[in-house]
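Observations on the three-dimensional arrangement
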Amino acid sequence: MTFDIVIRNGTIVTASDVFTADIGITGETIDTIGHGLTGHHVVDATGLLVMPGGIDGHCHIEQEEADGTVHEDDFASASASALLGGTTTVVCFASHVPGRNIVTQFEDYLRRGQNSRIDFAVHQIVTRTDADTIEKGIPEIARRGVAGLKVFMTYDDFHLTDGQFLRVLDAAKASGLVVSVHCENYDAIRHMIEAHLAAGRTDAHAHATSRPPCLEREATYRAMTLAELVDHDIQIFHVSCPEVAEEIARARHRGVKVSAETCPHYLSLTEADLKRNGFEGAKYICSPPLRTQADQDGMWSYLRDGVIGIVSSDHCGYSLEGTSGKARHGRDADFSLIPNGMPGLGTRMAVLFDAGVNSQKIGLTDFVRLTATAPAQRYGLYPRKGTIAPGSDADLVLWDRTQQVRITNDLFQSRIDYTPFEGRLVTGWPAMVLARGRIAVENGQVLRKPTMGRFLKARSGPQD
Ligand code: URP
Ligand code: ZN
Ligand code: ZN
Ligand code: ZN
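Residues numbered from 1 in each chain as written. Chains lettered and ligands numbered in written order. Predicted model: local features only at pLDDT ≥ 70, side-chain atom pairs only at ≥ 80, totals over all residues. Heavy atoms only, no water.

With respect to helix H4 (residues 162-175)
- Along its 14 residues, H4 runs 20 Å from first to last C-alpha, staying within 8% of the 20 Å computed at 1.5 Å per residue.
- Where H4 is concerned, the buried positions are Phe165, Val168, Leu169, Ala171, Ala172 and Ser175.
- Just downstream of H4 lies Gly176, where phi reads positive at about 70°. (Helix = DSSP H or I, 4+ residues; strand = E, 2+ residues; numbered from the N terminus. Expected span 1.5 Å × (residues − 1). Buried < 20%, exposed > 50% of the residue type's maximum accessible area, 1.4 Å probe, protein only.)

Take a look at the structure:
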């Protein structure tokens with residue numbers, strides 16, 4: 001048999017194995033893994049790692065904000081950045097802005113997604129718990145293929161009370177949807193922000209000191225307790241530090257159905273970045289905030305032992321310039337007025353590979369598990385996505401682990417005007433990316449057009 005494409009003699013890495021073989025692709029899927037395969041088109045992968053295309057389980061793309069503005073990184077640009085960094089599937093967020101029905105917002109978001117170059121699944125944000133949302137809306141979007149729900153315990157426009165959170169958990173349980181949670185204590189942060197501003201602390205670093213680890217730990221404990229009460233699955237998003245991970249480990253020991261995610265920035269940047277001069281510190285404002293070097297060092301063991309099972313970007317780009325960006329209230333605005341979030345779709349895989357695999361803090365199979373297999377399993381996309389096996393979509397990244405790259409923002413064709421990793425030297429970079437059996441990136445060029453991505457109907461899977 002002659003395959004459409006053969007990836008020859010690469011070092012195949014899955015979440016459980018590393019071995020050398022050929023991959024035969026027919027149409028959009030992997031047909032055979034073997035030796036001596038022949039194809040119409042043969043890619044020599046000798047010396048390269050061949051891994052499942054990355055799955056970024058948490059990224060904010062073309063998302064509507066409460067004030068009606070839309071994130072400037074749209075599906076066409078964000079999916080180009082994702083591909084250039086080795087990611088072939090994203091799970092992004094439909095918003096739930098005041099005055100609009102949740103099902104309509106979900107459907108509107110799927111229409112925006114038609115411009116994606118890569119396949120995408122959708123989390124639905126829930127910010128209100130009126131009867132229409134809970135009784136009709138959540139069951140309906142579950143039928144229509146939402147991957148899961150996201151709720152916030154903080155942020156003025158989004159946060160839910162414990163009672164509201166419980167209503168969402170009940171509805172999610174009835175519909176079999178995992179609830180992902182942004183855990184920070186809203187009232188305590190308001191108190192801390194007011195105290196900082198009263199003391200004249202308006203600088204970007206005050207963002208970190210006004211949201212200390214104990215407020216993330218408390219909210220995480222509370223979210224897990226409420227999930228325990230309802231006996232339903234939750235996922236803790238963007239765990240920033242070991243004391244939160246330790247709380248999650250304890251809950252898992254008790255049998256609470258909880259899984260967790262972290263992001264490359266908590267593994268490679270620190271709160272010292274918020275002290276950069278002028279408006280530079282604003283680039284690093286995200287929530288939960290960047291923590292200390294000791295916190296960063298303490299995270300890796302939780303990635304190895306599976307307490308933190310997923311590494312997503314939490315890509316949430318706001319340019320420095322422009323009316324909807326970081327400086328929307330002016331460059332002299334206090335830290336509490338600067339929008340939270342950093343771009344990270346393009347850099348996720350390379351930064352984690354360099355910080356984790358090259359320094360031997362995680363192994364190659366861990367890398368694949370954290371960046372592709374576990375998110376596919378968690379969001380109901382596995383085994384179609386997230387692994388290399390006959391029948392799976394031929395979403396592959398051919399990774400040159402010897403290539404050194406100095407990260408600059410222009411590598412990612414992003415609409416966001418900066419990357420927090422500007423100037424960082426990393427070793428390991430995608431040499432080629434395939435998405436559903438077609439070459440999607442070659443020689444740094446994106447070959448996949450907007451509209452080629454498809455919406456993936458998903459159903460949250462059981463936790464690991
Ligand atoms: O600062 C962050 N993380 N912004 C994105 C929204 C969120 O909280 O995930
Ligand atoms: Zn052919
Ligand atoms: Zn969040
Ligand atoms: Zn987020």
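Digging into helix H9 (residues 293-304)
- Among all positions in H9, only Asp295, Gln296, Met299, Trp300, Tyr302 and Leu303 are buried. Viewed along the axis of H9, the buried residues span an arc of 165°, placing them on a single side of the element.
- Packing partners of the buried residues in H9 comprise helix H8 (242-254), strand E12 (258-262), strand E13 (310-311), helix H10 (348-357) and helix H11 (364-378).
- With its phi angle positive at about 90°, Gly306 sits one or two positions after the end of H9. (Arc of directions from axis to C-beta. Contact = heavy atoms within 4.5 Å.)

A few points about the coordination of the zinc ion (ligand 3)
- Surrounding the zinc ion (ligand 3) are the protein donor atoms Lys150 (NZ), His182 (ND1) and His238 (NE2), which sit 2.1 to 2.4 Å from the metal.
- Sequence spacing among the residues donating to the zinc ion (ligand 3) works out to K-x31-H-x55-H. (Donors = N, O, S within 2.8 Å, 3.2 Å for Na, K, Ca; no water.)

A few points about the pattern of salt bridges
- Within the structure shown, the criterion is met by 35 salt bridges.
- Across the pair Arg144 and Glu107 runs a salt bridge whose closest N-O atoms are separated by 3.0 Å. A residue pair is termed long-range when its members are at least 10 positions apart, and Arg144 in the loop between helix H3 (131-143) and strand E9 (148-152) and Glu107 in helix H2 (residues 102-113) qualify at 37 residues.
- On the accessibility criterion, Arg144 (30% relative accessible area) is partly exposed.
- Classification of Glu107 as partly exposed rests on a relative accessible area of 23%. (Salt bridge = Lys/Arg side-chain N within 4 Å of Asp/Glu carboxyl O.)

What about the UniProt feature "domain: Amidohydrolase-related" (unreviewed entry) in the protein chain?
- This chain's UniProt record puts "domain: Amidohydrolase-related" (unreviewed entry) on residues 49-439.
- Annotated as 35% helix and 17% strand, the span residues 49-439 places its first and last C-alpha atoms 16 Å apart. (UniProt positions renumbered as here; feature names shortened; annotations may be inferred.)

Here we look at the site of ligand 1
- Surrounding ligand 1, one finds 13 residues, the nearest of these being Lys150, Tyr155, His182, Ser287 and Asp314.
- Measuring from an oxygen atom of ligand 1, one finds a side-chain N or O atom of His60 at 3.2 Å.
- Here an oxygen atom of ligand 1 and a side-chain polar atom of His182 are 2.9 Å apart.
- When the free accessible area of ligand 1 is taken as 260 Å², the share hidden by the protein chains comes to 95%.
- The class makeup of the residues in the shell around ligand 1 is four nonpolar, seven polar and two charged. (Near = heavy atom within 4 Å. Polar contact = N/O pair within 3.5 Å; in protein donor to acceptor, adjacent residues only side chain to side chain. Areas by Shrake-Rupley, 256 points an atom, 1.4 Å probe, with all protein chains shown as cover. Nonpolar A, V, L, I, M, F, W, Y, C, P; charged D, E, K, R; others polar.)

Points about the packing of aromatic side chains
- Counted under the stated rule, the structure contains twelve aromatic pairs.
- Aromatic side chains Phe93 and Phe237 sit 6.1 Å apart centroid to centroid with 80° between the ring planes, which places their arrangement in the edge-to-face category. Highlighted residues: Phe93 in strand E7 (residues 87-94) and Phe237 in the loop between strand E11 (234-236) and H8, separated in sequence by 144 residues. There is no split in this pair, since Phe93 and Phe237 are both buried.
- Residues Phe412 and Trp429 carry aromatic rings whose centres are separated by 6.1 Å and whose planes lie at 40° to one another, so their mutual orientation is tilted. (Phe/Tyr/Trp six-rings, centres within 6.5 Å; stacked < 30°, edge-to-face > 60°.)

Topic: the packing of H2 against H3
- Across the interface, H2 lies against H3 with an axial gap of 8 Å and an inter-helix angle of 25°. Classified by the angle their axes make, H2 and H3 are roughly parallel. Contacts from Ile102, Val103 and Phe106 in H2 reach Thr133, Gly137, Glu140 and Ile141 in H3.
- When its residues are assigned to classes, the contact of H2 with H3 shows four nonpolar, two polar and one charged. (Axes fitted to C-alpha atoms, helices over the stretch in contact; angles between N-to-C directions. Parallel < 35°, antiparallel > 145°, perpendicular 65-115°, else oblique.)

Concerning the side chain of Ser313
- Within the fold, Ser313 resides in the loop between E13 and H10.
- Looking at Ser313, its side chain comes within polar contact range of the side chain of Asp56, at 2.6 Å.
- A polar side-chain atom of Ser313 sits 2.9 Å from the main-chain amide nitrogen of His315.
- Apart from the residues lying within four places of it in its own chain, the contact partners of Ser313 are Asp56, His58, Cys59, Cys263, Pro264, His265, Gly344, Leu345 and Arg348.

As for the state of the cysteines
- Counted by the stated rule, this structure contains zero disulfides.
- Cys92 provides the cysteine sulfur closest to Cys59, a residue in no disulfide bond, and the two sulfurs are 5.7 Å apart.
- The class of Cys59 is buried, set by a relative accessible area of 0%.
- The cysteine Cys183 is free of any disulfide, with Cys241 supplying the nearest cysteine sulfur at 12 Å. (Disulfide = S-S within 2.5 Å.)

A few points about the UniProt feature "modified residue: N6-carboxylysine" (unreviewed entry) in the protein chain
- Per the UniProt record, "modified residue: N6-carboxylysine" (unreviewed entry) is annotated on Lys150.
- Given the relative accessible area of 2%, Lys150 is considered buried.

Here's the deal with the pairing of E7
- Within E7, eight of the eight residues are buried, leaving the element largely enclosed by the surrounding structure.
- Bridge analysis of strand E6 (residues 54-59) against E7 gives four bridges, and the strand direction is parallel. Within E7, the residue paired with Cys59 across the bridge is Cys92.
- Handedness of the crossover joining E6 and E7 through helix H1 (residues 75-84): right-handed.
- For E7 and strand E8 (residues 119-125), the ladder comprises six bridges, and the chain directions are parallel. The partner of Thr89 across the bridge, within E8, is Asp119.
- Following the chain from E7 across H2 to the adjacent parallel E8, one finds a crossover that is right-handed. (Pairing = 2+ DSSP bridges. Right-handed = clockwise from strand over helix to strand, strands pointing away.)

Describing the packing of H3 against H4
- Across the interface, H3 lies against H4 with an axial gap of 10 Å and an inter-helix angle of 40°. Judged by the angle between their axes, H3 and H4 are oblique. Judged by the twist between their axes, the crossing of H3 over H4 is right-handed. Residues Ile134, Glu135, Ile138, Pro139 and Ala142 of H3 lie in contact with H4, whose contacting residues are Arg167, Val168, Ala171 and Ser175. (Left-handed = near helix turned anticlockwise from the far one by under 90°.)

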